[in-house]
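Each chain, written out:
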Amino acid sequence: MSRFIVNSSKALSGEVCVSGSKNSALPILASCILTGGVSTIKNVPVLSDIEIMCTILSHLGCKINRVDDVITVDSSNVNCTAVPFELTGKIRASFLVAGPLLARFGRAEVSLPGGCTIGTRPVDLHLKGFSDLGAEHIIKDGSVSISCKELSGARICLDFPSVGATQNIIMAAVLTKGQTIIENCASEPEIVDLADFLNKCGANIKGAGTDKIVIDGTNSLKGCTHTIIPDRIEAGTLMVASAVTAGNVTLKNVNYSHLSSVISKLTEIGVCITEFGSDINIKCTMPVKTTSIKTMPFPGFPTDMQSQIAALFCFINGTSVITETIFENRFMYVPELIRMNADIKVDGRTAVINGKGGLVGAEVNATDLRAGAALVVAGLAAKGKTIINNADYLKRGYCNFEDKLKKLGADVIIEE
Ligand code: EPZ
């Protein structure tokens, strides 16, 4: 596993371009199965999770070609509807091929992806949606087999606005006869991007971005060309990295409306954020003040930014409070920050952070993708050197992270 070495850095400054969204590219790549044709997906970040999704699609019979940030998927010869654990176990998003396979072939056999450090990551809401559309499923030996002679439109109400379940049900419903209504669905920008892609392919999806989506099934879909939206979590992470070093950074290719809750919180604590079209400038000079955060489904504060902002709070004198409402175990980074002299107390879903003049560099372990990002943020402003082990986690979700930070003046290096 690689190590990310972060030395105490001066104020970050300059500009970087934000890459395409990992969490939008993954479902859109999976949805290419539906078209039986050729799609060209642009602005796809170079990440290990994307590589794994491409491996899964190739396993199913898709022809994949990648040139820089453009991936072409030819799904005309998909000849397999089963995905083994050695593939699904690597990324939870692998389960997103279930909906497209079910829609196109009437069956799918996908190994359950299993949990990860942040939670058990069940797929019961996905399976309930498939059942509402008329599919049956059997879970045996860690795999779920889903089948249906013919799906039919249904009214589906999700117990929780699950991003993945919303995406999987959309993909299962677009070729389903009749009308499907999904209520209490997720409204994240990645849902809207998936719907935009599928509508370009000939689908009829309305309401993406709200809590009610209406899908009128069509007979077939054709491949198309689509550009992935910017990665709002990468952008938010770079904004926090700028703030923690009292920097002055401009991010290019950012969608301000995808980050309103993060921008609102950073502004509240005293960070100066200005929008210039698709660019955002983050300037942090005055001493910032404490606040409280509660993670919520979009448009609330994103859980994927929780650990990064906690790292920033360690440098703000006073008490800040974070409540995590989405995942059951998303404070794994706390013991690592405590090794850097942080004063954080976790009680259930709440972390109380007592900032007292900063942190000291140490050797720490990344426990998941966003925890790793939090440790990088902490290391930028901590005194001395921070060595982050298990840095391969960062390659899962941050494209050219080291280069982007270096371009802004950070003293970082990846040791393979
Ligand atoms: C997506 O995961 C993202 N991943 C996650 O980003 C993100 O944290 C999450 O949405 C929430 O925004 C991708 O898009 C690839 P959920 P997903 O279904 O779809 C429970 C990152 O760091 N749930 O909205 O798996 C679940 O346990 C990753 O980029 C069920 O109970 O998230 C969790 O508590 C981490 N049953 C909550 O819902 C289900 O069937 C939210 O999960 C599905 C989910």
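Not measured: the values here are computed from a predicted model.

Caption draft 1: The arrangement of the nonpolar core in detail. Among the nonpolar cores identified, the biggest contains 73 residues, and Val 97 and Leu 198 are the most heavily contacted of them. Per-element tally for this core: the top contributor is helix 2 (residues 48-60), with seven residues. Among residues more than four places away in sequence, those in contact with Leu 198 are Ser 31, Leu 34, Ile 170, Met 171, Val 174, Ala 203, Ile 205 and Leu 221.

Caption draft 2: Examining the environment of Val 240 more closely. Among the structural elements, Val 240 can be located in helix 8 (residues 232-244). On the accessibility criterion, Val 240 (0% relative accessible area) is buried. In contact with Val 240, not counting residues within four places along its chain, are Leu 266, Met 305, Gln 308, Leu 312 and Val 377.

Caption draft 3: Inspection of the packing of aromatic side chains at higher detail. All chains considered together, the criterion is met by three aromatic pairs. Through successive ring pairs, a cluster of aromatic residues spans Phe 4, Tyr 398 and Phe 401.

Caption draft 4: Quick look at the side chain of Ser 24. For Ser 24, the position within the fold is in helix 1 (residues 22-31). Exposure remark for Ser 24: the relative accessible area of 0% places this residue in the buried category. Once residues within four sequence positions are removed from consideration, Ser 24 is found in contact with Glu 190, Asp 193, Ile 228 and Ile 229.

The rules behind each value
- Residues numbered from 1 in each chain as written.
- Predicted model: local features only at pLDDT ≥ 70, side-chain atom pairs only at ≥ 80, totals over all residues.
- Heavy atoms only, no water.
- Core = buried A, V, L, I, M, F, W, Y, C linked by side-chain atoms within 4.5 Å.
- Buried < 20%, exposed > 50% of the residue type's maximum accessible area, 1.4 Å probe, protein only.
- Helix = DSSP H or I, 4+ residues; strand = E, 2+ residues; numbered from the N terminus.
- Contact = heavy atoms within 4.5 Å.
- Phe/Tyr/Trp six-rings, centres within 6.5 Å; stacked < 30°, edge-to-face > 60°.

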